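This is what each chain is made of:
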Amino acid sequence: MDYGIAGKTAAVAAASAGLGLATAQSLARAGVRVAICSRSQERVEAAVALIGHGAIGFVCDVSTAIGGRAFVEQAISELGSVDILIANGGGPPAGTFSSTPEDEYIGAIEKNLLSVVAMCHAAVPAMRERKWGRIAAITSVAVRQPVPSLILSNTARAGVTGFLKTLAREIACDGVTVNSVQPGIHATDRSTQLYGANADGAAMGIPAGVLGDPVDFGEVTAFLCSEHAKFITGVQLHIDGGSYAGLL
Ligand code: NAD
């Protein structure tokens, strides 16, 4: 399928591995010029080589609003524009209400909410002026169905989902779409860290019986950034092998 976005530019945050890298690769295959970031020069260089297609990358920590804004501003400066923003970042530490100190919430909200707000502030004005833009934020299926051991993620990502939905409706008239993609458990470093290297999809109760493949996730996210997806905005798409059991 031709996504109709060849020649566009994209900033994909936190993309030296996992779901961010897979999304950057899908966009690059669709002819998009991609800028990525990660926290280590070595990892950035390795990822840029994997993505190819003229991708560029910089060292940037997007766990704060200042870092999120800095990444998008540098991408705009190096690429000349950013038509597509993939707002992504590392997940917060695991923990329950009982094991999580109150002062850890601020960090999680900065990392998984305020950083995304800052990335949008840096990217959206020029998208609106050009009357074309795509924003896809990688959040979590925990927004729909909170994971008992991830109270920080459940809390911060619910907030960012409210922000994105509000933004989507405000700027839809300018040709800019805003969606979130909610991964269930995918085979990445994050899931290895949380569930171990031998996590078994069937044993974990995933109806599809396997962990998600980051390559598939990247393709679906790239589709949301396609020309054909111009009428899809304000959506929270869960990609989880059937894990979420609710209707809506
Ligand atoms: P990952 O750990 O496999 O990869 C994260 C990538 O982001 C790496 O390239 C890492 O170097 C980079 N990164 C981490 N923190 C960064 C920072 N502060 N600044 C810049 N780069 C940073 O994670 P993933 O599985 O790709 O997950 C991506 C997002 O999706 C995370 O927020 C995660 O919590 C969420 N998520 C993942 C899953 C899953 O099963 N993989 C499920 C639900 C939600």
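For the structure itself, consult the block above.
Given the structure is predicted, the values throughout are model-derived calculations rather than measurements.

A.B. asks: Tell me about the side chain of S16, residues and numbers included.
C.D. replies: Turning to its location among the elements, S16 is positioned in the loop between β1 (9–12) and α1 (18–29). Overall, S16 belongs to the buried group, its relative accessible area being 14%. At 3.3 Å, the side chain of S16 and the side chain of R43 are in polar contact.

A.B. asks: Explain the pairing of strand β3 (residues 56–59) to me, and be specific about the residues and the numbers.
C.D. replies: What you see with β3 is a clean split: I56 and F58 sit on the buried side and G57 and V59 on the side with no burial. Handedness of the β-α-β unit built from strand β2 (residues 33–38), helix α2 (residues 41–51) and β3 comes out right-handed.

A.B. asks: Which residues make up the nonpolar core, and what values go with them?
C.D. replies: General note: in soluble globular proteins, nonpolar side chains tend to be found buried as a group. Counting 33 residues, the largest nonpolar core has F71, L85, C120 and I135 as its most contacted members. Among the secondary structure elements, those contributing two or more residues to this core are β2, β3, α3 (65–79), β4 (84–87), α4 (104–130), β5 (133–138), α5 (151–171) and β6 (176–183). Examining the composition of this core, we find that nine residues originate from one element, α4, more than from any other. Apart from residues lying up to four places away in sequence, I135 is in contact with L85, C120, V124, M127, L167, T177, V178 and N179. Judged by nonpolar contacts, the second largest core, of 30 residues, contains L19, L21, L27 and I239.

A.B. asks: Would you mind going over unusual backbone geometry in detail, with residue names and values included?
C.D. replies: Phi is positive for A14, close to 50°, though the residue is something other than glycine. Residue A14 is classed as partly exposed on the basis of its relative accessible area of 22%. Of note in this structure, H53 is not a glycine but carries a positive phi near 50°. Topologically, H53 is positioned in the loop between α2 and β3.

A.B. asks: Break down α3 for me, citing the residues and quoting the values.
C.D. replies: With 15 residues, α3 extends 21 Å between its outermost C-alpha atoms, agreeing within 8% with the 21 Å of an ideal straight helix rising 1.5 Å per residue. The complete set of buried residues in α3 reads G67, G68, F71, V72, A75 and L79. The arc enclosing the buried residues of α3, seen along the axis, measures out at 130°, which places them on a common side. Exposed side of α3, more than 90 degrees from the buried face: I66 and S77 are the residues found there. Following α3 by one or two positions, G80 adopts a phi angle in the positive range, close to 95°.

A.B. asks: Account for the site of the ligand, naming residues and giving values.
C.D. replies: Around the ligand, the structure places 28 residues, and the nearest of them are S16, L19, G89, H186 and T188. Take R39: an N or O atom from its side chain is 3.4 Å from a nitrogen atom of the ligand. Here R157 contributes a side-chain N or O atom positioned 2.8 Å from an oxygen atom of the ligand. Burial of the ligand by the protein chains amounts to 92% of its free accessible area of 820 Å².

Thresholds applied
Residues numbered from 1 in each chain as written. Predicted model: local features only at pLDDT ≥ 70, side-chain atom pairs only at ≥ 80, totals over all residues. Heavy atoms only, no water. Helix = DSSP H or I, 4+ residues; strand = E, 2+ residues; numbered from the N terminus. Buried < 20%, exposed > 50% of the residue type's maximum accessible area, 1.4 Å probe, protein only. Polar contact = N/O pair within 3.5 Å; in protein donor to acceptor, adjacent residues only side chain to side chain. Right-handed = clockwise from strand over helix to strand, strands pointing away. Core = buried A, V, L, I, M, F, W, Y, C linked by side-chain atoms within 4.5 Å. Contact = heavy atoms within 4.5 Å. Expected span 1.5 Å × (residues − 1). Arc of directions from axis to C-beta. Near = heavy atom within 4 Å. Areas by Shrake-Rupley, 256 points an atom, 1.4 Å probe, with all protein chains shown as cover.

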